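Examination of the molecular architecture
Below, each chain spelled out in residue letters.
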Amino acid sequence: MKRPLLNQRLVPFGTTIFTEMSARAIATQSINLGQGFPDTDGPRGVAQRAMDAIERGEGNQYTPLPGVPPLRQAVARHQQRFYGLSYDPDTEVLVTVGATEAIASAIFALTEPGDEVIAFEPFYDSYAATIAMAGATRVGLTLRAPGFRPDLARLESLITDRTRLLLINTPHNPTGMVLTAAETSEIARIAIEHDLLVVTDEVYEHLTYDVPHVPMAGLPGMRERTVTISSGGKAFGFTGWKVGWVTGTPELVTAVRTAKQFLTFVGSGPFQFAMADALDLPDEYYAGFAADLKAKRDLLSEGLRDIGFEVYPSDGTYFVTTDITPLGETDGTEFCLGLPERARVVAIPSAVFYDDKEAGRTQVRFAFCKRTEVLHEALSRLSVLKKG
Ligand SMILES: Cc1ncc(COP(=O)(O)O)c(C=O)c1O
């Protein structure tokens, strides 16, 4: 009997919508507001540091498995400086190849086949795939428009004796929802009461607009059960460098490292040195980057509203979610597939992030991490959708 080529756990995932839509963007010369990457590079001095590292032979060979000491120390300083959280750079910090590897390593390390992982739905796309690869089961807590606030009573009701961990993402991609201090405390209470591990993806920690980011690990009783994941790609505008990191207790970090060593072993050598410098940038850098993105969020949100989209509030990330119903449209996937031809703009149908396709059927996500003139041009192209 001929077996199917692809591992059955991977069959539902196929080629991601990002690959498909980015190819369409190139073919139609569209502006790509689909995938979340900035169209300008991060600080010049940080880029220079990566070039210097290559010149000096820093990180050109395999780096130590946990990451180079200057970066681990910089991550520890960062957690202390922004959140008052103290981590030992030698035993409580692990450098990964982007947050993506950290997520996969954490899931592979901490779950057994049959375990359940509860995560906010819409899910960032790698969550569903890595949970499936681990043989675990994802359980979605659906965030619903317009506010996308999590229903925490429902979260508690989803917990079974198979639940192993809560996979939290704040600020949340794709919705732009940022957990409040009260919501974070309630999630902490639930995790402690049900003795669950928490893996928290905080890659957009510095991209919040007038609301604070509250790290899960900072809540009483949470440090010992929380694996915190972040990455330098988003906050420093170097998404291609793929430098991520994990912080947690020595036991948690050792577990994650055990899986990580067989994924890439190590990666991004010279960039690790540059990221160490980036993390030490002054407060003005962080504030300036967020202020710039906030202005872009406002520009795109107002422009889309003016064209006729229903635009939901986004308190963080690179993204704004819209609803296309007021434009007379009924299906976000069809809408996005046709958009490059119609308007030479690419966006992502939020339905791809949902198991409950109905919940996201008419939602479309746009990225605003682009130059102002590019956003203006995208809005001008999208104005062909204006009714009347
Ligand atoms: C929520 C979330 N987690 C993780 C990642 C991946 O981060 P990295 O590029 O560092 O692997 C992204 C990138 O889009 C993201 O949006």
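A short tour of the structure in this document, coming up. (Residues numbered from 1 in each chain as written. Predicted model: local features only at pLDDT ≥ 70, side-chain atom pairs only at ≥ 80, totals over all residues. Heavy atoms only, no water.)

Things to note about the overall build of the chain
The helix and strand inventory of the chain stands at 14 helices and 13 strands. A globule of 388 residues ought to have a C-alpha radius of gyration of about 21 Å, and the chain, at 21 Å, matches this closely. With the C-alpha coordinates of the chain rotated into their principal frame, the extents come out at 60 × 55 × 50 Å. Per-residue burial over the chain gives 58% buried out of 388 residues. Contacts in the chain between residues at least 24 apart in sequence constitute 76% of all its contacts with a sequence separation of at least 6. Here the chain displays about 16000 Å² of accessible surface, and carbon together with sulfur accounts for 53% of that area. In the chain, 37 side chains carry a positive charge and 48 a negative one; their mean positions are 5 Å apart. (Helix = DSSP H or I, 4+ residues; strand = E, 2+ residues; numbered from the N terminus. Rg over C-alpha atoms; globule rule 2.2 N^0.38 Å. Buried < 20%, exposed > 50% of the residue type's maximum accessible area, 1.4 Å probe, protein only. Contact = heavy atoms within 4.5 Å. Areas by Shrake-Rupley, 256 points an atom, 1.4 Å probe, with all protein chains shown as cover. Lys, Arg positive; Asp, Glu negative; His and termini not counted. Charge placed at Lys NZ, Arg CZ, Asp CG, Glu CD.)

As for the side chain of threonine 200
Here threonine 200 shows up in strand 6 (residues 197-201). On the basis of relative accessibility, which here comes to 0%, the residue threonine 200 falls in the buried class. Within the structure, the side chain of threonine 200 is placed 2.7 Å from the side chain of glutamate 202, a separation counted as a polar contact. Non-local contacts of threonine 200, meaning those with residues more than four positions away in its chain, are made with Ile168, Met216, Thr226, Val227, Thr228 and Ile229. (Polar contact = N/O pair within 3.5 Å; in protein donor to acceptor, adjacent residues only side chain to side chain.)

Comments concerning the packing of aromatic side chains
Applying the stated criterion across every chain yields a total of 18 aromatic pairs. Aromatic pair phenylalanine 82 and tyrosine 83: ring centres 6.4 Å apart, planes at 50 degrees, arrangement tilted. Phenylalanine 82 sits in the partly exposed class, given a relative accessible area of 27%. Ring centres of tryptophan 241 and phenylalanine 271 lie 4.6 Å apart, and the angle between their planes is 20 degrees; on these two criteria the pair is classed as stacked. Here tryptophan 241 is found in the loop between helix 8 (232-236) and strand 8 (243-247), whereas its partner phenylalanine 271 is found in helix 10 (residues 269-279), with 30 residues between them in sequence. Classification of tryptophan 241 by relative accessible area gives buried; the value is 12%. Ring pairing ties together the aromatic residues Phe82, Tyr83, Phe236, Tyr285, Tyr286 and Phe289, which thus form one cluster. When the ring centre of phenylalanine 123 is taken as origin, the NZ or CZ atom of arginine 138, which lies over that ring, is 5.8 Å away. Here lysine 370 stacks its cationic end above the ring of phenylalanine 37, 3.8 Å away from the centre of that ring. (Phe/Tyr/Trp six-rings, centres within 6.5 Å; stacked < 30°, edge-to-face > 60°. Lys NZ or Arg CZ within 6 Å of the ring centre and 35° of its normal.)

Considerations on the pairing of strand 5 (residues 163-169)
Across the seven residues that make up strand 5, a large majority, six, are buried. Taken together, strand 5, helix 7 (residues 181-193) and strand 6 constitute a β-α-β crossover, and its handedness is right-handed. (Right-handed = clockwise from strand over helix to strand, strands pointing away.)

Re the pattern of salt bridges
Applying the stated criterion to the full structure yields 26 salt bridges. With a shortest N-O distance of 2.8 Å, glutamate 156 and arginine 189 are connected by a salt bridge. Here glutamate 156 is found in helix 6 (residues 152-158), whereas its partner arginine 189 is found in helix 7, with 33 residues between them in sequence. The partly exposed category is assigned to glutamate 156, whose relative accessible area is 23%. Taking the shortest distance from any N to any O, the salt bridge between lysine 296 and aspartate 292 comes out at 3.2 Å. Remark: aspartate 292 and lysine 296 occur in helix 11 (residues 283-307); sequence separation between them is four residues, near one turn of the helix. (Salt bridge = Lys/Arg side-chain N within 4 Å of Asp/Glu carboxyl O.)

As for the sheet that holds strand 6
Taken in spatial order, the seven strands make up an open sheet running 2-8-7-6-5-3-4, and their pairing is mixed. Of all strands in the sheet, those with a lone pairing partner are strand 2 (93-97) and strand 4 (137-142), marking the two edges. In this sheet, neighbouring strand axes are inclined to one another by 25 degrees on average, regardless of whether the strands run parallel or antiparallel. Here helix 9 (residues 250-260) sits on the sheet and contacts strand 2, strand 6, strand 7 (226-231) and strand 8; the angle it forms with strand 2, its principal contact strand, is near 25 degrees. With respect to the sheet, helix 10 is in contact with strand 2 and strand 8, its orientation differing from that of strand 8 by roughly 65 degrees. (Pairing = 2+ DSSP bridges. Axes fitted to C-alpha atoms, helices over the stretch in contact; angles between N-to-C directions.)

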